[in-house]
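Listed below are the residues making up each chain.
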Amino acid sequence: MKKLTPFLISCALFLGVAACNDTARTDSAAPDANEAPAAPTAQTTQESLEDSTSDTRRRQLDADIRAREERTAALNQAPGERRPEDLASEVRSKLEANIPDGLLTVEANDEGVVTVSGTVPDQNQLSKIEPLAKEIYGVNNVVVDAVVAPPQG
């Protein structure tokens, strides 16, 4: 027994070390951790852009916003109790879903004032910013610092 115990302990240690050196991969086609990722092709980039502006993505974002609002209602949070980060995140999602061509940033403060900055491709989208942001529970005022700038390229 005295010889068997050290042998079993050393086997367990060896297997533990071997397991720690194994790189986790979710798929056999997943890149090795030491490989540099390949640059996306133009086709992949275009497909990604189309996916991000699709109706499915818009519905997902709207569903996410509804879920957040339901959570807020379930917690009985008053508008002034909402965290600025939550307001900014919800407004950002709402704008992303409805103004997909905009390059916008969103900031919020403790008083429920949301500031939207960046660019949109046309005046119609610029005029959508304030009413969309005000749809989010807890937004008291919207400051639009965004400007119209046609897309380059």
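It should be noted that the structure appears before, not after, this text.
Per chain, residues are indexed from 1 in the order of the written sequence. The predicted origin of the model limits local features to residues at a pLDDT of at least 70 and limits the giving and counting of side-chain atom pairs to 80 or more, whereas totals for whole chains, interfaces and linings rest on all residues. Hydrogens and water are ignored here; the side-chain numbers use all heavy atoms of the structure.

### Details of helix α4 (residues 84-98)
- Along its 15 residues, α4 runs 21 Å from first to last C-alpha, staying within 8% of the 21 Å computed at 1.5 Å per residue.
- Any two residues having at least one pair of non-hydrogen atoms within 4.5 Å are treated as being in contact. The way it works is that DSSP assigns letters per residue, a run of H or I at least four long becomes a helix, a run of E at least two long becomes a strand, and they are numbered from the N terminus. As for α4, its buried residues are in contact with α3 (55-74), β1 (103-108), β2 (113-120) and α5 (123-134). Expected helix span is taken as 1.5 Å per residue step, with the number of steps being one fewer than the number of residues.

### Describing the nonpolar core
- Membership of the largest hydrophobic core comes to 19 residues, with the highest contact counts inside it found for V91, L95, L104, V106, V116, I129 and V139.
- Listing elements by their share of this core, those giving two or more residues are α4, β1, β2, α5 and β3 (141-148).
- Residues in contact with L104, not counting those within four places in the same chain, are L95, V116, S117, G118, T119, V120, I129 and A146. Only buried residues count toward a nonpolar core. Its members are Ala, Val, Leu, Ile, Met, Phe, Trp, Tyr and Cys residues joined through side-chain atoms within 4.5 Å. Classification of residues uses two cut-offs on accessible area relative to the type maximum, computed with a 1.4 Å probe and protein chains only: under 20% is buried, over 50% is exposed, and between them is partly exposed.

### A short note on the packing of α3 against α4
- Relative orientation of the contacting elements α3 and α4 amounts to 155°, with a least axis distance of 8 Å. Between α3 and α4, the interaxial angle falls into the category roughly antiparallel. Relative to α4, the crossing made by α3 is left-handed. Residues R57, R58, L61, D62, D64, I65, R68, E69 and R71 of α3 lie in contact with α4, whose contacting residues are D86, S89, E90, S93, K94, E96, A97 and N98.
- Partitioning the contact of α3 with α4 into residue classes produces three nonpolar, three polar and 11 charged. Axis definition: a line fitted to C-alpha atoms, over the contacting stretch in the case of helices. Angles run 0 to 180 degrees between N-to-C directions. Any angle that falls under 35 degrees is termed roughly parallel, while one over 145 is termed roughly antiparallel, one within 65 to 115 roughly perpendicular, and all others oblique. Crossing handedness is read from the near helix: turned anticlockwise from the far helix by less than a right angle, it gives a left-handed crossing, and turned clockwise, a right-handed one. For this classification, Asp, Glu, Lys and Arg are treated as charged, while Ala, Val, Leu, Ile, Met, Phe, Trp, Tyr, Cys and Pro are nonpolar and the rest, including Gly, are polar.

### Looking at α5
- Within α5 the residues assigned to the buried category are Q125, L126, I129, L132 and A133. All buried residues of α5 lie within an arc of 125° about the axis, which places them on one face of the element.
- Buried positions along α5 lie against α4, β1, β2 and β3.
- Under this definition, polar contacts are N or O atom pairs within 3.5 Å; protein pairs additionally need one hydrogen-donor-capable and one acceptor-capable atom, and for neighbouring residues in sequence, both atoms have to be side-chain atoms. N-capping of α5 is provided by D122, with a side-chain oxygen placed 3.1 Å from the backbone N of N124. To obtain the arc, one takes the directions from the helix axis to the C-beta atoms.

### Some words on the sheet that holds β2
- What the three strands build is an open sheet, ordered β1-β2-β3; its pairing is mixed. Both outer strands of the open sheet, β1 and β3, are each paired with one neighbouring strand and no more. Shown here is a sheet whose adjacent strand axes are inclined to one another by a mean of 10°, direction ignored.
- Note: β1 against β2, six bridges, orientation antiparallel. Pairing of A108 across the sheet is with V114, part of β2.
- Along the sheet, α4 makes contact with β1 and β2, crossing β1 at roughly 155°.
- Sheet strands touched by α5: β1, β2 and β3. Its angle to β3, the strand with the most contacts, is close to 165°. A pair of strands is treated as paired once DSSP finds two or more bridges between them.

### Brief notes about the pattern of salt bridges
- Between Lys or Arg on one side and Asp or Glu on the other, a salt bridge is scored when a side-chain nitrogen of the former is within 4 Å of a carboxyl oxygen of the latter. Applying the stated rule across the entire model yields three salt bridges.
- Put simply, E135 and K94 hold a salt bridge, and the shortest N to O gap is 2.8 Å. Within this pair, whereas E135 is found in the loop between α5 and β3, its partner K94 is found in helix α4, the two being separated by 41 residues in sequence.
- For E135, a relative accessible area of 47% puts it in the partly exposed group.
- Owing to a relative accessible area of 13%, K94 belongs among the buried residues under this scheme.

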